[in-house]
Amino acid sequence: MDWWVSMPKVELHAHLNGSIRDSTLMELARELGDRGLTHFPDVERVILKHDRSLTEVFKMFDLIHILTTDHETVTRITKEVIEDFAAENVVYLELRTTPKKNVSKGMNKKSYMEAVLEGLRAVSTVEVDICSEPNFDCSASAAIYARNNECASNGTGKKKIYVRLLLSIDRRETTEAAMETVKLALEMRHLGVVGIDLSGNPIIGEWLTFLPALEFAKEQGLLITLHCGEVPNQVEIHAMLDFLPARIGHACCFGEEEWAKLKSLKIPVEICLTSNIRTETITSLDIHHFVDLYNSGHPIVLCTDDSGVFSTSVSGEYSLASSSFGIQKREMFQLARNAVSFIFAGNKVKQELEQVFDFAAKTLE
Ligand code: 6MZ
């Protein structure tokens, strides 16, 4: 596993509330239990269970959301999630989360996102680039990376992680609520918000409910990724592909026509192997669409989805793909590097990340 941890990686599909450490969830559940607000042993059983169907996963999210309702907790989990990804050498993280309202805690979508930003600022184990300076010099950044890598190895300094945010629209939301999220994303663009995600229980909600907000987001220059084909729904899959999102997640339940369309449109796919197997949206890795997309040179990126809920890590996903599909380390490194082209941050960040990978290629040999 060490090699997979040391390799730089790009994470483009990680849900904040799905990526919480088990130890933190247990601590939060115990606190609520102590206050008589939950029955701790029941919650503990749910948190420690690792095989979950797609339906159970969404029940799990409802439970997690009960544990993470206040601003301080949102700040804490954001900080920890970023530190955890940075600790396994994720050099660029696009973290997505659904802005939430919670009247009893004085929380609205904006204050929820401010709590997330506070979490980014609270990270202490690694330098967090939230929104780089417009005229930042790439060669200078490569030098910083060379220095950072040395510092990290002798324990005297900090590594760096680029973090950008995607605001998620939950499929339970109305058109107005979705629009509110898009407007918030536009307001927070200068704070590292780069795009919009559509997620949530795939059997709930209609594509047409979200379309006006997604179209508006696109017109305004936000980049969009959609959870697409997590369950069989050919009409929705076609409508989503026709929308031309910048990326899609999952693509588990595609038929021949949908594959042909996706491939001709060259839309990058965020692949979450462990998530797909745990939720049984794909029955086994031997028949996972990763293989066909990889062999046909279609743009793909390996991601965790919910590293906490599925007890996985980005390094674990790379190691799993390598061992399951017989792909050598050099090719896996190239797969990780290719993901830089699909990030939602601008060219300057892409160039800086390419230098990080090139530097690592020399040291990892
Ligand atoms: C669809 C998912 C998901 O936004 O509260 N989410 N949506 N499919 C999945 N695959 C298993 N995993 C997570 O993070 C949790 C939320 O992300 C979405 C769900 O809407 C879930 O409530 P945030 O930070």
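Calculation rules
- Residue positions are given per chain, counted from 1 along the sequence in the order it is written.
- Selection of residues for local features in this predicted model requires a pLDDT of at least 70, selection of side-chain atom pairs for listing and counting requires 80 or more, and totals for whole chains, interfaces and linings are taken over all residues.
- Note that water and hydrogens are dropped before the side-chain values are worked out from all heavy atoms of the structure.
- As a per-residue quantity, pLDDT reports the predictor's confidence and falls between 0 and 100.
- Throughout, a contact is declared for two residues whenever any of their heavy atoms are within 4.5 Å.
- Between 30 and 60 degrees the pair is tilted, below 30 it is stacked and above 60 it is edge-to-face, where a pair is any two Phe, Tyr or Trp rings, Trp via its six-membered ring, whose centres lie within 6.5 Å.
- In this description a helix means any DSSP run of H or I spanning at least four residues, a strand means any run of E spanning at least two, and both kinds are numbered starting from the N terminus.
- Partly exposed residues are those whose accessible area sits between 20% and 50% of the maximum for their type, while under 20% is buried and over 50% is exposed, using a 1.4 Å probe and protein chains only.
- Here, a charge over a ring is recorded when the distance from Lys NZ or Arg CZ to the ring centre is within 6 Å and its angle to the ring normal is within 35 degrees.
- Directions pointing from the helix axis toward each C-beta atom define the arc.
- Each cavity reported here is a set of points on a 1 Å grid over the protein atoms alone in which a 1.4 Å probe fits but cannot get out, each pocket an open set with protein on both sides within 12 Å along at least five of seven lines, and each lining residue one with an atom within 4 Å of a point.
- Grid points are joined across faces, edges and corners, and a volume is the space filled by probe spheres set on the points.
- In the scheme used here, Gly and all other residues not listed as nonpolar or charged are polar, with Ala, Val, Leu, Ile, Met, Phe, Trp, Tyr, Cys and Pro taken as nonpolar and Asp, Glu, Lys and Arg as charged.

Chemist: What should I look at first to understand the confidence of the model for the chain in this one?
Modeler: Caution applies to low-pLDDT regions: their predicted coordinates should not be interpreted in detail. Summing up the model confidence of the chain, the mean pLDDT is 91 and the portion of residues at 70 or higher is 92%. Across residues 135–156, where pLDDT falls below 50, the model places 26 contacts with residues more than four positions away in sequence or in other chains.

Chemist: What is the right way to read the packing of aromatic side chains from this model?
Modeler: Pairs of aromatic rings are described using the distance from one ring centre to the other and the angle between the two planes. Within the structure shown, the criterion is met by seven aromatic pairs. Judged by centre distance (5.7 Å) and plane angle (75°), the ring pair of F333 and F357 falls under edge-to-face. Placement of F333 in helix α15 (residues 329–338) and of F357 in helix α16 (residues 347–364) is noted, with a sequence separation of 24 residues between them. Across this residue pair, the class does not change: F333 and F357 are buried. Feature note: the residues F290, Y294 and F325 constitute an aromatic cluster, connected by ring pairs. The positively charged end of K218 is found above the aromatic ring belonging to F243, 4.2 Å away from the centroid. Sitting above the plane of the F344 ring, R247 keeps its charged end 3.9 Å from the centroid.

Chemist: Can you walk me through helix α11 (residues 256–265) in this structure?
Modeler: One turn of the α-helix equals 3.6 residues, which is why residues spaced by three or four share an orientation. Residues E258, W259 and L262 constitute the buried set of α11. Along the long axis of α11, the arc covered by the buried residues comes to 100°, so they all point the same way. In α11, the exposed positions that point more than 90 degrees away from the buried face belong to E256, E257 and S264. Of the surrounding secondary structure, the elements contacted by the buried residues of α11 are α10 (234–242), β7 (247–250), β8 (269–271) and α13 (290–295). At the exit of α11 stands K266, carrying a positive phi of roughly 55°.

Chemist: Sorry, what's going on with the layout of surface pockets here?
Modeler: To find leftover empty space, one rolls a probe the size of a water molecule over the atoms. When its volume is computed, the largest pocket comes out at roughly 420 Å³. For the largest pocket, the lining is made up of 31 residues, of which F58, F61, D170, G200 and N201 are closest to its centre. For the lining of the largest pocket, the element with the highest residue contribution is helix α4 (residues 54–67), accounting for eight residues. Class assignment of the residues belonging to the lining of the largest pocket gives a composition of seven nonpolar, 15 polar and nine charged.

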